[in-house]
Amino acid sequence: MQIRPILAALRHHKAGSLLIALQVALTLAIVCNALFIIHGRLTHLSQPSGVDEDRLLVVENQWAGKPDAGHIGSMMSADLNFLRQMPGVSNAYATDAYPLRGGGMSYGIGLVPDKLKYAAESALYFADENGIDTLGLKLVAGRNFRADEIGQIDAHSPIEPAEAIITVDLAKALFHGQAAVGKVIYLSAKPTVIIGVVERMQIPWTYSDMAKWSGNSTLIPLRQLVDTFDYVVRTEPGQVDEIASRVRAALYAQNRMRVIDADGGVLTYAQVRAKAYKNDRGIAILMSAISLVLLAITGAGIVGLTSFWVGQRRKQIGVRRALGATRNDILSYFLTENLLIAVAGVTIGGVLAVALNFWLMKQFEIDRLAPGYVLAGVVALLVLGQAAVLAPALRASHVPPVEATRSV
Amino acid sequence: MLAYYLRLGLRSLRRNPILTTLMVLAIGVGVAASMTTYAVFRAVSANPIPGKSGQLFVPRIDIWGPQARTQGRRVPDMLSYTDAMALMRAHRAVNQAAIYPVGFTVVPQDSSVNPFAVKGDATYAEFFPMFDAPFAYGSGWDASEDEAHAAVVVISSRLNQQLFGGADSVGRTIHLDDHDYRIVGVLANWNPQPRFYDVNVYSRTFSGAPDFFVPFTHAVDLQTDTNGNSSCYGSAGRAPGWQGWLQSDCVWVSLWVQLPDTAAARAYRSFLKGYAAEQKAAGRFDWLPEVQLVGLRQWMDVEEVVPPETRMSLFLSIGFLLVCLINTIGLLLAKFMRRSAEIGVRRALGASRTEIVRQFLAESIMVGLAGGVAGLLFTGIGVLAIGLVFEPDIARLAHMNLSLMLLTILLSLAASMTAAFYPTWRAANVQPAWQLKSN
């Protein structure tokens, strides 16, 4: 196939060719950045939390009428006993936060008592001897808390536990590969000994600026006696929805001087996850939808313009056919023409994509575009162009040679 | 003549239904995507208190020092209790109010009704005049009640509806947690969005109205914990208990001041500088703390009230609209040029270029109008689907209204006219002689 006559013909409809090339370029720039963002969001939201989500639900409980700390302690114990004896429930514990909750405590963890010289940031979770079993965390070194190690504090007591269990990620950040069990860390001015290491437990927040330390968690053997806290409940396999539907009423029947929000007070972990990643999922949906419609519109635009060109050139096609050109010649003429325009488009588009990415990096703190996405976008648009041009090109190849003899 | 051209345009559009549908859909979809994301953007970036936002400021004091900067921490966006109280006592602004969010439970007398939770703010008397909060009954409390640490409360119209069926409840008593409060005022429906006055201490920026307001001084007396954020960077040696909490360098209080003009703002800034220098001289810090006085609109930026996702989707939609426009230019060009012969005949029969321009712009207006109708429809669907993409609190705020509808139609018309510009120019430049010759 000769390129030169095609180029010569292109010169006669510069504007149309330029518009298609420009459209391809912009589509490429937007679609490959969108793909990149979608992939980033999906990676973010598919991070494992480290807990056994399929079997967990959480209850946010608030005691009514401001009971004192002693009273809260006994009511909490009564609740936990009741929950553990509920048929279908295998374990439960009380805490201030859990992975993906969206609110909790974070501390700078130091290797020296000076708080300003902390070595790593970490989420802090209140737990008792049932915490690890309830969450389904995997203990990879050391041991769990013992019942006699669980302390009780009120709202404003300093947090100075004698023992702590940390995650592998935090151990790495603090000790760079050395065994963590038995080492001393500082949450406050007093020393805390690490007695165990769990494989993974994500922090409560999903913000991108905390992503660097999203696996740094510390479990501390304390029960905080404040009026609002969470129960984490582990159910028998497959019973999580059933328990979630009746746990609120059951707790009220046990003691009605409490508030568990009818709407959102009891959440299965699937709901916790959906809530935590609502934004990421939303952006992924939006970007996918826009990318798809964009590709469809670009494809349709190519079909429209090429059809017009075919209609305009019926006579010339007839002449070519009469002079001996085969149907294939005509077909490949239009395919090649589109390929030339699309190649010009994706070349400009590649540059635009990188430029758009630079701008997005500045505006939204997203990462640098990986070249694979541009490549994937280029291939997608070239294929789209060829597919879009196929139908009009086939129609062109069926123009009979006799067309050459007709006037008007 | 215009009416005739419009009719002609409609007829021409009907001649190529597929091409026309494509153009109309492209404009409609492009406009709808932009308008939907704009509806969200408009909702979250709205001025919560127009007319007064220029007078409202937040003071910031860097009690964490240069060390925190090296660890990547910003100047704290909340104040410690110590500093908030010092600024309140100094009383250097027209109005000032320290604020922190609190939560209580209400135990109804009727034992068949379960206790329920209420959320509100602890603040000062000047909160209400400073933010122009409208009252349905009664009023806010006054400064003497702040000083007396009085157990008074202002409740929302919603809570008043729930507890008193909407009647004037001023003077009556409600029981919050384990204390009685005398109602001094019932707010009319008041819920500025974003909830600018405590975005730093309360995480739910776009949420329902607070149920109540109580005096800050009374809440502190009762050792009421903050229901919002707190940050205790670098305060290792905090004394135990409530007093230890109050005396610590933990930050958890929001503070607003009203300064009517730039002179007042300048004076307040220099007062803050003086305060910081005083604190350093007293030995509280090794460094001279940086102070800032941030205006409301700027504060919304500092607090990133507009989620990055909202801006990102708005920009993305505008890019999308641009591609749709280019698409429409191409299609219109094809459509117009196909009628070169017709144009040639019209020109030869004496129509001027201006007439040709009019004819084709009229046709584009028809495309724009049809695109506007499609755009309205798609925007309606888009606004309904906002909940799929954005958080419920934000989705609730974005809605279709008259101004959005008008804007949709206008944008469609503008888009189609922009797209028609070049094709029309080309059509007007068709040489009549050429067209007549070839036939």
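Residues numbered from 1 in each chain as written. Chains lettered and ligands numbered in written order. Predicted model: local features only at pLDDT ≥ 70, side-chain atom pairs only at ≥ 80, totals over all residues.

As recorded in an unreviewed UniProt entry, chain B goes by ABC transporter permease and comes from Dyella flava.

An unreviewed UniProt entry annotates chain A as ABC transporter permease originating from Dyella flava. UniProt, in its Sequence similarities (unreviewed entry) section for chain A, records the words "Belongs to the ABC-4 integral membrane protein family." According to the UniProt record, the Subcellular location (unreviewed entry) comment for chain A is "Cell membrane". (UniProt positions renumbered as here; feature names shortened; annotations may be inferred.)

Draft legend 1. Looking closely at the overall build of chain A. A tally of regular secondary structure across chain A gives 11 helices and 14 strands. The C-alpha radius of gyration computed for chain A amounts to 32 Å, which surpasses the reference 22 Å derived for 408 residues by more than 25%, pointing to a less compact arrangement than a globule. Judged by the C-alpha coordinates and their principal axes, chain A covers about 105 × 50 × 35 Å. Taking all 408 residues of chain A together, the buried fraction comes to 44%. Of all intrachain contacts in chain A linking residues separated by at least 6 positions in sequence, the fraction that spans at least 24 positions is 82%. (Helix = DSSP H or I, 4+ residues; strand = E, 2+ residues; numbered from the N terminus. Rg over C-alpha atoms; globule rule 2.2 N^0.38 Å. Buried ≥ 20, exposed ≤ 12 C-beta atoms within 10 Å, placed from the backbone. Contact = placed C-beta atoms within 7 Å.)

Draft legend 2. Examining the domain arrangement of chain A more closely. In terms of domain boundaries, chain A breaks down into domain 1 (3-45 + 279-405) and domain 2 (65-256). The C-alpha-based centres of domain 1 of chain A and domain 2 of chain A are spaced at 54 Å. (Domains from an automatic or database assignment.)

Draft legend 3. Region of interest: the UniProt feature "transmembrane region" (unreviewed entry) in chain B. Residue and element names in this part refer to chain B. Under the present numbering, the feature "transmembrane region" (unreviewed entry) in UniProt falls on residues 21-41, 314-334, 365-390 and 402-422. Overall, residues 21-41 shows 100% helix and 0% strand. The separation of its end C-alpha atoms is 29 Å. Secondary structure content for residues 365-390 is 92% helix and 0% strand, and the end C-alpha separation is 34 Å.

Draft legend 4. Summary view of the packing of helix H14 (residues 353-384) of chain B against helix H17 (residues 402-428) of chain B. Residues and elements named next belong to chain B. Contact pair H14 / H17: the axes reach a minimum separation of 7 Å and the direction vectors enclose 150°. Seen along the crossing, H14 lies across H17 with a hand that is right-handed. When the residues that make up the contact of H14 with H17 are grouped by side-chain class, the tally is 15 nonpolar, 10 polar and 1 charged. (Axes fitted to C-alpha atoms, helices over the stretch in contact; angles between N-to-C directions. Left-handed = near helix turned anticlockwise from the far one by under 90°. Nonpolar A, V, L, I, M, F, W, Y, C, P; charged D, E, K, R; others polar.)

Draft legend 5. The UniProt feature "transmembrane region" (unreviewed entry) in chain A, seen in detail. All names here are of chain A. Per the UniProt record, "transmembrane region" (unreviewed entry) is annotated on residues 20-38, 283-310, 339-360 and 372-394. For residues 20-38, helix accounts for 100% and strand for 0%, while the C-alpha atoms at its two ends are 26 Å apart. Taken as a whole, residues 339-360 contains 100% helix and 0% strand, while its terminal C-alpha atoms sit 30 Å from one another.

Draft legend 6. Region of interest: the UniProt feature "domain: ABC3 transporter permease C-terminal" (unreviewed entry) in chain A. Feature annotation in UniProt assigns "domain: ABC3 transporter permease C-terminal" (unreviewed entry) to the following positions: residues 289-401 of chain A. Across residues 289-401 of chain A one finds 87% helix and 0% strand; the C-alpha atoms that close the span lie 44 Å apart.

Draft legend 7. Spatial organisation of the domain arrangement of chain B. Residues and elements named next belong to chain B. Examined at the domain level, chain B breaks down into domain 1 (2-45 + 307-438) and domain 2 (53-302). A separation of 50 Å is found between the C-alpha centroids of domain 1 and domain 2. Per-class residue counts for the side of domain 1 that touches domain 2 are 3 nonpolar, no polar and 1 charged.

Draft legend 8. Expanded view of the interface of chain A and chain B. The partner chain B presents 48 residues to the 45 residues of chain A that form the contact. At the level of secondary structure, the elements contributing two or more residues to the side of chain A that touches chain B comprise helix H2 (14-45), strand S13 (258-259) and helix H8 (278-312) of chain A. Considering every element that reaches the side of chain A that touches chain B, the biggest residue donor is H8 of chain A, with 16 residues. Here the side of chain A that touches chain B is built from residues that sort into 26 nonpolar, 14 polar and 5 charged.

Draft legend 9. Structural detail: the nonpolar core. Core analysis: the largest hydrophobic core is formed by 178 residues, its most contacted members being Leu28 of chain A together with Val153 of chain B. Sequence-distant contacts of leucine 28 of chain A, defined by excluding residues within four places in its chain, comprise Val346, Gly349, Gly350, Ala353, Gly377, Val378 and Leu381 of chain A. Grouped together as the second largest cluster of nonpolar side chains are 61 residues, Ala92, Ala164, Ala244 and Val266 of chain A included. (Core = buried A, V, L, I, M, F, W, Y, C linked by C-beta atoms within 7 Å.)

Draft legend 10. Expanded view of the pairing of strand S8 (residues 179-187) of chain B. All names here are of chain B. The pairing of strand S5 (residues 135-138) with S8 spans 3 bridges and is classified as antiparallel. When the bridges of S8 are listed, tyrosine 137 appears paired with valine 186. Sheet topology places strand S6 (residues 152-155) next to S8; 4 bridges connect them, and they run parallel. Considered in S8, the bridge of valine 152 is made with arginine 182. Here strand S7 (residues 173-176) folds back onto S8 in antiparallel fashion, the turn holding 2 residues, of which aspartate 177 has a positive phi close to 50°. (Pairing = 2+ DSSP bridges.)

Draft legend 11. Spotlight on the environment of leucine 295 of chain A. Residue and element names in this part refer to chain A. Looking at where leucine 295 falls in the secondary structure, it is placed in helix H8. Remark: the alpha-carbon pair of leucine 295 and threonine 27, spanning 268 residues in sequence, is separated by 7.0 Å. The contact partners of leucine 295, leaving out residues within four places of it in the chain, are Thr27, Val31 and Leu384.

Draft legend 12. Highlighting the pairing of strand S12 (residues 228-235) of chain A. Residue and element names in this part refer to chain A. Buried residues dominate S12, accounting for 7 of its 8 residues. Looking at chain direction, strand S1 (residues 56-63) and S12 are connected through 7 bridges and run antiparallel. Within S12, the position partnered with glutamine 62 by the bridge is threonine 228.

Draft legend 13. Highlighting the packing of helix H2 (residues 17-44) of chain B against H14 of chain B. All names here are of chain B. Close contact between H2 and H14 brings their axes to 7 Å; oriented N to C, the two are set at 45°. On the basis of the axis angle, H2 is oblique to H14. Here H2 runs over H14; the crossing is right-handed. When H2 is examined against H14, the residues Met23, Val24, Leu25, Ile27, Gly28, Val29, Val31, Ala32, Met35, Thr36 and Ala39 are found in contact with a partner set consisting of Val367, Gly368, Ala370, Gly371, Ala374, Gly375, Phe378, Thr379, Gly382 and Val383. Here the contact of H2 with H14 is built from residues that sort into 14 nonpolar, 7 polar and no charged. (Parallel < 35°, antiparallel > 145°, perpendicular 65-115°, else oblique.)

Draft legend 14. Representation of the environment of tyrosine 373 of chain A within the structure. All names here are of chain A. Within the secondary structure, tyrosine 373 sits in helix H11 (residues 371-397). Judged by the 20 C-beta atoms lying within 10 Å of it, tyrosine 373 is buried. Residues within four places of tyrosine 373 in sequence aside, it is in contact with Cys32, Leu35 and Phe36.

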